[in-house]
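# Notes for the structure review
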Amino acid sequence: MRCWLLSLSLLLLSSPLAYSQQQYTEAACILLQQQIERFSHQPQLSTYQDSKRQFDNHCQNPLPAPDKPLVLTNIPAKPTVPAANTVTMPASATTTVTAKAAPPAQKLDIGAMMLSLITPYIPFVIGGLLLLGLPGLLIALLFGNKARFKGAMAERQLHRLLMRDLPGAYQHYRNLILETAQGDLTEVDHLVLSPYGIFVIEVKNYQGWIFGSEHQPQWTVQHVKRKHSFQNPLQQNSKHTGAVKFALGLSLQDSRLVQSIVAFSDRAELKTPLPAQVCYIRLVAAYIQQFKQPCFNDTQLRQFSARLNVAADNKKVLRKRHLQQVKMKTENDT
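Residues numbered from 1 in each chain as written. Predicted model: local features only at pLDDT ≥ 70, side-chain atom pairs only at ≥ 80, totals over all residues. Heavy atoms only, no water.

### Quick notes on the overall build of the chain
Note the following rule: A helix here means a DSSP run of H or I that spans at least four residues, while a strand means a run of E at least two residues long, and both kinds are numbered starting from the N terminus. Throughout this description, buried means an accessible area under 20% of the type-specific maximum (1.4 Å probe, protein chains only), exposed means over 50%, and partly exposed covers the range between. Throughout, a residue-residue contact means that at least one pair of heavy atoms, one from each residue, lies within 4.5 Å. Computed by Shrake-Rupley with a 1.4 Å probe, the accessible areas treat only the displayed protein chains as cover when residues are assessed.
A tally of helices and strands in the chain yields 13 helices and 11 strands. By residue count, 39% of the 334 residues in the chain fall in the buried class. In the chain, the share of contacts with a sequence separation of at least 24, taken over all contacts with a separation of at least 6, comes to 60%. Summed over all atoms, the accessible surface of the chain reaches about 20200 Å², with 58% contributed by carbon and sulfur.

### A few points about the sheet that holds strand β5 (residues 197–204)
As a reminder, the rule being used: Two strands qualify as a pair provided that DSSP identifies no fewer than 2 bridges between them. Between N-to-C directions, angles cover 0 to 180 degrees, with each direction set by a line fitted to C-alpha atoms, over the stretch in contact for helices.
Here 5 strands make up an open sheet; going across it, the order is β3-β4-β5-β9-β11 and the pairing mixed. Across the chains shown, the open sheet's two edge strands, defined by having one partner strand only, are β3 (171–179) and β11 (278–280). The sheet shows a mean angle of 35 degrees between the axes of neighbouring strands, taken without regard to direction. Across the sheet, helix α12 (residues 298–313) touches β3, β4 (185–194) and β5, and the angle it forms with β3 is around 60 degrees.

### Concerning unusual backbone geometry
A negative phi angle is the norm for most residues apart from glycine, just as the trans form is the norm for most peptide bonds. In this structure, N175 takes a positive phi of about 50 degrees despite not being glycine. Its identity is not glycine, yet V224 carries a phi of approximately 55 degrees, on the positive side. Of note, V224 is situated in the loop between β7 (218–223) and β8 (226–231). For V224, a relative accessible area of 65% translates into the label exposed.

### Remarks on the sheet that holds strand β10 (residues 268–270)
Read across the open sheet, the 4 strands follow the order β8-β7-β6-β10; overall the sheet is mixed. Single-partner strands in this sheet number two, and they are β8 and β10. The average angle at which neighbouring strand axes cross in this sheet is 25 degrees, direction not considered. As paired elements, β7 and β8 share 6 bridges and run antiparallel to each other. If you follow V221 over to β8, its bridge partner there is H228. Across the sheet, helix α9 (residues 233–248) lies against β7 and β8, angled at about 30 degrees from β8, the strand it touches most.

### What about the environment of D298?
Along the polypeptide, D298 turns up in helix α12. A residue is classified by how much of its surface remains accessible, and D298, at 55% relative accessible area, is exposed.

### Some details on the packing of helix α3 (residues 26–38) against helix α4 (residues 46–58)
Formally: In this scheme the handedness of a crossing depends on how the near helix is turned from the far one: anticlockwise by less than a right angle means left-handed, clockwise means right-handed. Gly falls in the polar group here, along with every residue not listed as nonpolar (Ala, Val, Leu, Ile, Met, Phe, Trp, Tyr, Cys, Pro) or charged (Asp, Glu, Lys, Arg).
Between α3 and α4, whose axes approach to 9 Å, the crossing angle comes to 145 degrees. Crossing geometry of α3 relative to α4 is assigned as left-handed. Within the contact between the two elements, α3 uses C29, L32, Q33, Q35 and I36 and α4 uses T47, Y48, S51, K52, Q54, F55 and H58. Among the residues forming the contact of α3 with α4, the class breakdown is 5 nonpolar, 6 polar and 1 charged.

By themselves, these are just geometric observations and shouldn't be taken as functional.
Now the structure itself:
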């Protein structure tokens, strides 16, 4: 049933333009990635291999969602019948013949035909997307830019893997907005709280070769002939780890138990030697479970969890403040 729903969803969400350019829409790529993740533990299956091949071939530069709502203007209107023409026979005849003009020939509208075929299934497709747990990604797709959409895909992939691979004693938080010691706000992609340490994870979804080092201020990503720099993610994540230490009220000694991790998606290829805490998304859970020495007791964990839960409950309010701060900073920089 789910495979049928996925195939139907791809048909609905991939536009004719996407096929002509051999690139699927962003929504279609979401569904392909879900299929890959679902069967990642059975890579020998044809379902996994086909989904992986389609994602690699058609989702390298997915088409963005349309800016305007879909308007069904290409469905041909029902032709009107012209007024009847009366033909009068010669005077010797007494019968009047009424002849109707033939309707004009219509062009075959393939797009309208396909649309009329799939329209009845739209409610089922939407229901399937909700069952697959994609509302957050759909919001990013519809209302965000392409970079935000790709980042959301990578963060969701990590969330699913952590929930699947980490034991129940590990508590997982996503997209926490925390206050720093300087009074500003910062967003933490992922945080894992465990008896063996606190792990703060920064997710990157760059595509291409990654060049950098632990202390280099700027790293480089190169894809085909395009190349650009971005902030060293280890240094970027240091602000996040500092905010976590401040929010939890950790002592200087306990602060060393907060671990920084940078996770890249498989779209990237790390080309230079990097510390162990810089790894791929699929390896994050294994890296975390290498820490096996208990360092927090149950009382401390309950206190930490209570503080993080407060931040999670106030996420909407804190996010508005955070966006305002970012906007003000951007205006001041310009």
